[in-house]
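Now for the letters of each chain:
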Amino acid sequence: MKSLSFLLIEDDEIERMKFQRVFSKLGKRHTVTTALHGEEALETITKGIIPDIILLDLNMPKMNGIDFLKHFKKEEHLRYIPIVILTTSNNYQEIKNCYKEGASGYIIKPLEYEEYAERIKFLVTYWEHNEIANL
Amino acid sequence: MTDKIEILQRALERERKARKQAESILEEKALELYELNKQLKSSNDTLTNLNQQQTSKLKGVFDSLVDAYILMDIKGNIIEMNTAAKKLFGYNIETEKINVVNLIYKEDIQYAMQSYTHLIKHGFFQNYNARIYTKSKHVKRVHINASLIYDSSGIPTAAQGIIRDITTETKKQEIFENQKQQLSIIVENSPVGIALTQNGTFIEFNKAFQQLLGYDTDELKKMTIKDVSFEEDFPSSAAYLKQLDAGTINRFTVSKRYLCKDQSIVWAKTSVGAVRDKNHNIQYQVAIVEDITEEYKQEQLKKQLLLDLEKSNNELNDFAHVISHDLKSPLRSMNALIYWLKEDYSKVLDENAKDILKKLTLKVSKMDALIGGVLDYSSIDKVQQRQENVNLQLLVNDIKKVIFIPKNITITIPRKLPTIFGDQYRLQQLFQNILNNAVSYIDKEKGIVEVSFSETNTHWEFQIKDNGIGIEKRHQEKIFEVFQSLEHSEHSTGIGLSIVKKIVAFYEGKIWLQSKVGKGTTFYFTIKKNS
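Let us look at the structure shown here. (Residues numbered from 1 in each chain as written. Chains lettered and ligands numbered in written order. Predicted model: local features only at pLDDT ≥ 70, side-chain atom pairs only at ≥ 80, totals over all residues. Heavy atoms only, no water.)

### What to know about a negative patch on the surface
So the rule is basically this: A patch consists of residues whose relative accessible area exceeds 30% and which take part in no salt bridge; residues with like charges are grouped when within 9 Å of each other, and nonpolar side chains (Val, Leu, Ile, Met, Phe, Trp, Tyr) when within 5 Å. Working definition of accessibility: Shrake-Rupley area with a 1.4 Å probe, residue cover restricted to the visible protein chains. Whenever Lys or Arg places a side-chain nitrogen within 4 Å of a carboxyl oxygen from Asp or Glu, that contact is recorded as a salt bridge. Just so you know, the count uses Lys and Arg for positive and Asp and Glu for negative, and it drops His and the chain ends. The atoms used to mark charge sites are NZ of Lys, CZ of Arg, CG of Asp and CD of Glu. Secondary structure elements are taken from DSSP: a helix is a run of H or I of four residues or more, a strand is a run of E of two residues or more, and numbering for both begins at the N terminus.
A cluster of acidic residues, Glu290, Asp291, Glu294 and Glu295 of chain B, forms a negative patch at the surface. Along the chain, Asp291 of chain B turns up in strand β10 (residues 282–291).

See below:
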């Protein structure tokens, strides 16, 4: 099984903890980097840490999720990286808009932590089974 | 002696000669006279002929005159009448004698005498306009021009008159004047301004128009349309005016401003119509001007209010949306944290602590459901959903699988529910909330919820009947309000029925209920067809 690098862009501390906790329990060789918001994520990437998959929250300070998505998909050398949205919003327009702007997935954070853990496991498994256009 | 005789003889001879000469002169003269006489006779004949000719010619002219002609002596006795005159008065001059005095309408006698005096004094009168009697005692209105006729020594011997029957004309004129007056009363008293213009200047206008602008008549007559208009409004009329000139339209209406004397501005609906001559060229323009300043202000106010409302509505929706999401996130954190407590400290926590954590989780769930409700409620009329045919039978059957139904309760559908036009999501919310409500308040051993329907031309009507606890009269109005639930229940957020009400309103329907405490409740609601 190949090793995947995830970049989680999330301003909420508990949310980052939730993701990492689920991740560490998976016991896989994948890595997780976190960024507090869009700007920090871009900085990380320009430093040369290019993730295989980006997980993106929508409600964030500074650069919000949609703005980051738009910006990112304009970058010729980055736009191939899949971005999966992780949010609480089930608003139809928002979902449509994210896919329109090039999102590769849209996962709603459920209330129950157990359910959340399930979804993240599925997410990781899904990408493990996908080919990644890594250079 | 002989001398004397000689002298006498010579004298006699001279005398004879002289006589002979005289005779020959006389003869000559007689001949001349004869010739002259002959000439005279012939010219007299010619003259008589001529005279006869002229007389008959004149008679022909008189008879063929459309107007009546009368010749009378100085005392008013009629000597001659032409055909038209005979026809007008009904008398025949050849068989009866008439004096013009007998023809005068009694009320006009004084006026007639004045005119006669004028005739005698000045030799004529003109434009006499009065009434006369005909032989059959009908009254007619006539117009007369008359003049005196003099003999060779300058003494008036007769008078002649040309009479025109203007009875019909006068009547027509009267009707016309009447109508004109009526029309002018209407125009003058019209509450809308009316102005007649030519080449941009005011020709005529009514009181209302004048009052609208605040100018007096003389001021306004010196002014042009441009003087009371705003240049910014010209473009809106320009295209219409072109069409009016081209003859493709005869009338147009615009809303424009007018500048009043006191520099105030009046908004007016102005309807401009063209008055054309025989060649279809515009002779005048008629403008009908209606003050709509108040309406305009109201309209502007309405527009502003609507904008404000839309804005605050959007703000409210955005607010509900943002708040809901901001509230949702911490709840997810709380749920995770409680879970971690239980997971990481399962060995340390006693039963009481575990119970507290369980209750805490439930409260978090309740809070999440509330927020979800608010979000649903605020987005009912916001998001345009796909309209399609929705099979309600399938929809309700699906709901039965989704919601929690206690084992003692059954939902029955006696008659297969219709397929209606609407959006799946809203209709599901509608039925789900009502059914959820119904199954939540049943205290009977065997609970029954029945879904049925009927229809009118315009609406579908649905009935959802349960044998639950019922709703007291005093609560019946309140239950459709947001956050009103009859009792605190784990299942109820207090938003369900307000969502129902909002969806029904969205489909232009009504919702009401009948309930008996202890017996059960029936909810009724309608949905407009094809809305």
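### Structural notes on the pattern of salt bridges
Residue and element names in this part refer to chain A. Here the structure, examined in full by the defined rule, presents 31 salt bridges over all chains. Linking Glu128 and Lys28 is a salt bridge whose minimum nitrogen-to-oxygen distance equals 3.2 Å. Here the residue Glu128 occupies a position in helix α5 (residues 113–128), and Lys28 occupies one in the loop between α1 (13–26) and β2 (31–35), the gap between them amounting to 100 residues. Notably, a salt bridge pairs Arg79 with Glu76, separated by 3.4 Å at the nearest N-O pair.

### Observations regarding the layout of surface pockets
All names here are of chain B. Definition in use: Only protein atoms enter the 1 Å grid used here, on which a cavity is any set of points holding a 1.4 Å probe that cannot leave and a pocket is any open set flanked by protein within 12 Å on both sides along at least five of seven lines; residues with an atom within 4 Å of a point are listed as lining. Grid points are joined across faces, edges and corners, and a volume is the space filled by probe spheres set on the points. Here the term charged refers only to Asp, Glu, Lys and Arg, the term nonpolar to Ala, Val, Leu, Ile, Met, Phe, Trp, Tyr, Cys and Pro, and the term polar to all other amino acids, Gly among them.
Estimates place the volume of the second largest pocket at around 540 Å³. Together, 28 residues line the second largest pocket, and Gly200, Ile225, Leu241, Lys256 and Gln285 are the ones closest to its centre. For the lining of the second largest pocket, the secondary structure elements donating two or more residues are β6 (193–198), α7 (234–246), β8 (251–259), β9 (265–276) and β10. Per-element accounting of the lining of the second largest pocket gives the leading share, five residues, to β10. Here the residues of the lining of the second largest pocket are counted per class, giving 15 nonpolar, ten polar and three charged.

### Points about the sheet that holds strand β1 (residues 68–73) of chain B
Residues and elements named next belong to chain B. To keep things clear, this is the line we draw: One bridge is not enough; two strands pair if DSSP finds at least two bridges between them. Axes here mean lines fitted to C-alpha atoms, for a helix over just the part in contact, with angles spanning 0 to 180 degrees between N-to-C directions. Contacts between residues were defined by any pair of non-hydrogen atoms, one from each residue, lying within 4.5 Å.
Read across the open sheet, the five strands follow the order β2-β1-β5-β4-β3; overall the sheet is antiparallel. In this open sheet, the two edge strands, each paired with only one partner strand, are β2 (78–81) and β3 (124–133). Here the strands of the sheet are splayed against their neighbours by 30 degrees on average, with no regard to which way each runs. As defined by bridge partners, β1 adjoins β2 across three bridges and the pair is classed as antiparallel. Residue pairing for β2: Leu71 is matched across the bridge by Glu80. Those strands touched by helix α3 (residues 109–122) are β3, β4 (139–150) and β5 (156–165), and its axis lies near 150 degrees from that of β3.

### A look at the side chain of Lys256 of chain B
All names here are of chain B. Using the following cut-off: The buried label goes to any residue with under 20% of its type's maximum accessible area, the exposed label to any with over 50%, and the partly exposed label to all in between, with areas taken from a 1.4 Å probe on protein chains only. Polar contact is the term for a pair of N or O atoms within 3.5 Å; when the atoms are in protein, one must be able to donate a hydrogen and the other to accept it, and sequence-neighboring residues count only if both atoms are side-chain atoms.
Tracing the sequence through the fold places Lys256 in strand β8. No salt bridge forms around the buried Lys256; measuring N to O, its nearest opposite-charge neighbour Asp233 is 6.4 Å away. For Lys256, the side chain forms a polar contact with the side chain of Ser229, separated by 2.8 Å.

### Some thoughts on the sheet that holds strand β5 (residues 105–108) of chain A
All names here are of chain A. Spatial ordering of the open sheet is given by β2-β1-β3-β4-β5, a layout of five strands whose pairing is parallel. Only two strands of the sheet have a single neighbouring strand rather than two, namely β2 and β5. On average, adjacent strands in this sheet sit at an angle of 20 degrees to one another, irrespective of strand direction. Pairing between strand β3 (residues 53–56) and strand β4 (residues 83–87): three bridges, direction parallel. From the neighbouring strand, Leu56 faces β4, where its bridge partner is Ile85. This element, α1, spans β1 (5–9), β2 and β3 of the sheet and lies at about 175 degrees to β2.

### Observations regarding the environment of Asp291 of chain B
Residue and element names in this part refer to chain B. The exposure class of Asp291 is partly exposed, given its relative accessible area of 38%. Put simply, Asp291 and Val192 are 99 residues apart on the chain and 7.4 Å apart in space, counted from C-alpha to C-alpha. Contact partners of Asp291, with chain neighbours within four places excluded, come to Leu212, Val266, Trp267 and Ala268. Polar contacts involving the side chain of Asp291 include one to the side chain of Thr293, which spans 2.6 Å.

### Some details on the nonpolar core
Burial of nonpolar side chains together is a common tendency in soluble globular proteins. Residue and element names in this part refer to chain B. Which entries qualify depends on this criterion: As used here, the term nonpolar core means buried Ala, Val, Leu, Ile, Met, Phe, Trp, Tyr and Cys residues forming a set that is joined through side-chain atoms within 4.5 Å.
If you look at the biggest cluster of nonpolar residues, it comprises 40 residues, and the most contacted ones within it are Leu392, Leu430, Phe431, Leu435, Val449, Ile464 and Phe525. Taken together, the elements giving at least two residues each to this core come down to α10 (392–402), β12 (409–412), α11 (424–440), β14 (447–455), β15 (459–466), α13 (496–506), β16 (511–516) and β17 (520–528). Ranked by the residues each element gives to this core, the list is headed by α11, at seven residues. If you look at the next biggest cluster of nonpolar residues, it comprises 26 residues, including Leu119, Ile144, Ala146 and Ala159.

### A few points about the interface of chain A and chain B
Let me state the cut-off plainly: The buried area of a pairing is the accessible area, by a 1.4 Å probe, that goes missing from both parts when the two are put together, added over both.
Opposite the 19 residues of chain A that make contact, chain B presents 19 residues. Taken over both partners, the interface formed by chain A and chain B buries close to 1,800 Å², and the fraction arising from carbon and sulfur atoms is 55%. Of all residues in chain A, the largest losses of buried area upon contact with chain B belong to Arg21, Thr88 and Leu111 of chain A, amounting jointly to 36% of the total for that side. Our count for the chain A to chain B interface comes out at three salt bridges. Here Glu343 of chain B ties to Lys25 of chain A by a salt bridge, and the two come within 3.1 Å at their closest N and O atoms. Those elements that provide at least two residues to the side of chain A that touches chain B are α1 and α5 of chain A.

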